[in-house]
Amino acid sequence: WSTDGFSQLENSGAVSGDWIVAGGYDRRVRALDRHSGDVRWSFDTTSFVQGSPLIVADRVYVATDHFLYALDLETGTLQWQTQTGNEGAFMGAPAYQDGIIYTTGGKSLLAVDSTSGKELWRIQHDDPFTALAVANGLIYVGNFDGYFYAFDQKDGTEKWKFQGSGLFWGAPAADGDTVYTGNDSVVYALDAQRGEERWKFQMVGQAVSDPIVSDGVDDFILRILERH
């Protein structure tokens, strides 16, 4: 089967049981039957949906550059919404750990209670953030200033930053004491606690997708953009 209507689709969606949940540039989140592609429900957002939704138990979390939404997985009913930003920005998927949702909103990085939607803390930066991941008590995230950062999950305190050779677009992957991240042309393996470079790999093109760690093998699954 196949389905359309997303206008432009920049994420891989999220899968849970018989559901696929995805959103697009038509400002709509859809839950599809995994076997038939039939639309089970849809929910309208105020902004483009760039990052993949996040499914945790019976809720779907959708991050946009203006609001973070919590939806009921079975019905698509809005449970709560929290403002993330007030300007157009690049958005990755939100991340979850221990009852807290971590997301960006342009130049903001924030933590939100997953049950109530209450904002727990927020930090502001001079430049917009990109995609993030959480592990080791830290939030790993890139920024348009060309640095890759680690912030404390408790209060957003900056722990370290690493300067690469370009923008870190994709969400990083953490495995034990190493975090893997890629920018416009290089894949880096960094010490997860100190941000020190362990190794790097020069690619032949631009990468905009995320590293994946599986069974001890550090694979970087890429979508390469040719330069014309």
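So, how was this worked out
- Residues numbered from 1 in each chain as written.
- Predicted model: local features only at pLDDT ≥ 70, side-chain atom pairs only at ≥ 80, totals over all residues.
- Heavy atoms only, no water.
- Helix = DSSP H or I, 4+ residues; strand = E, 2+ residues; numbered from the N terminus.
- Buried < 20%, exposed > 50% of the residue type's maximum accessible area, 1.4 Å probe, protein only.
- Contact = heavy atoms within 4.5 Å.
- Pairing = 2+ DSSP bridges.
- Axes fitted to C-alpha atoms, helices over the stretch in contact; angles between N-to-C directions.
- Core = buried A, V, L, I, M, F, W, Y, C linked by side-chain atoms within 4.5 Å.

**Quick notes on the overall build of the protein**
Here is step 1: What the protein contains, in helices and strands, is 0 helices and 24 strands.
Here is step 2: Taken along the three principal axes of its C-alpha coordinates, the protein extends 45 × 40 × 35 Å.
Here is step 3: Considering the protein as a whole, with its 228 residues, one finds that 53% of them fall into the buried category.
Here is step 4: Taking the intrachain contacts of the protein between residues at least 6 apart in sequence as the baseline, contacts between residues at least 24 apart amount to 33%.

**Some points on the sheet that holds strand β9 (residues 95-97)**
Here is step 1: Spatially, the 4 strands line up as an open sheet ordered β9-β10-β11-β12, and their pairing is antiparallel. Two strands in the sheet have a free side with no partner beyond their single neighbour: β9 and β12 (119-124). Within this sheet the neighbouring strands show an average axis-to-axis angle of 20°, counted without direction.
Here is step 2: Sheet analysis places β9 next to strand β10 (residues 100-105), joined by 3 bridges and oriented antiparallel. Residue pairing in the sheet places A95 in a bridge with Y102 of β10.

**Focus: the pairing of strand β16 (residues 158-163)**
Here is step 1: Pairing analysis gives 5 bridges linking strand β15 (residues 147-152) to β16, with the strands arranged antiparallel. If you follow Y149 over to β16, its bridge partner there is K161.
Here is step 2: Where β15 folds back on β16, the antiparallel hairpin that results is connected by 5 residues, among which G156 adopts a positive phi of roughly 80°.

**Things to note about the nonpolar core**
Here is step 1: By size, the foremost hydrophobic cluster in this structure holds 15 residues, and its most contacted members are V21, V29, W41, V60, V62 and L71.
Here is step 2: Listed by contribution, the elements that provide at least two residues to this core are β2 (19-23), β3 (28-33), β4 (39-44), β6 (59-63) and β7 (67-72).
Here is step 3: By residue number, the principal contributor to this core is β7, which donates 3 residues.
Here is step 4: In contact with V60, not counting residues within four places along its chain, are V21, W41, P53, L54, I55, Y69, A70, L71 and L73.
Here is step 5: Counting 14 residues, the second-largest nonpolar core is a separate cluster that includes A111, F129, L132 and I139.

**Looking at unusual backbone geometry**
Here is step 1: At S7, a position not held by glycine, the phi torsion is positive, near 70°.
Here is step 2: Here N136, not a glycine, exhibits a phi torsion of approximately 60°, which is positive.
Here is step 3: Position of N136 relative to the elements: it lies in the loop between β13 (129-135) and β14 (138-143).
Here is step 4: By relative accessible area, which is 37% here, N136 ends up partly exposed.

These figures capture arrangement, not role.
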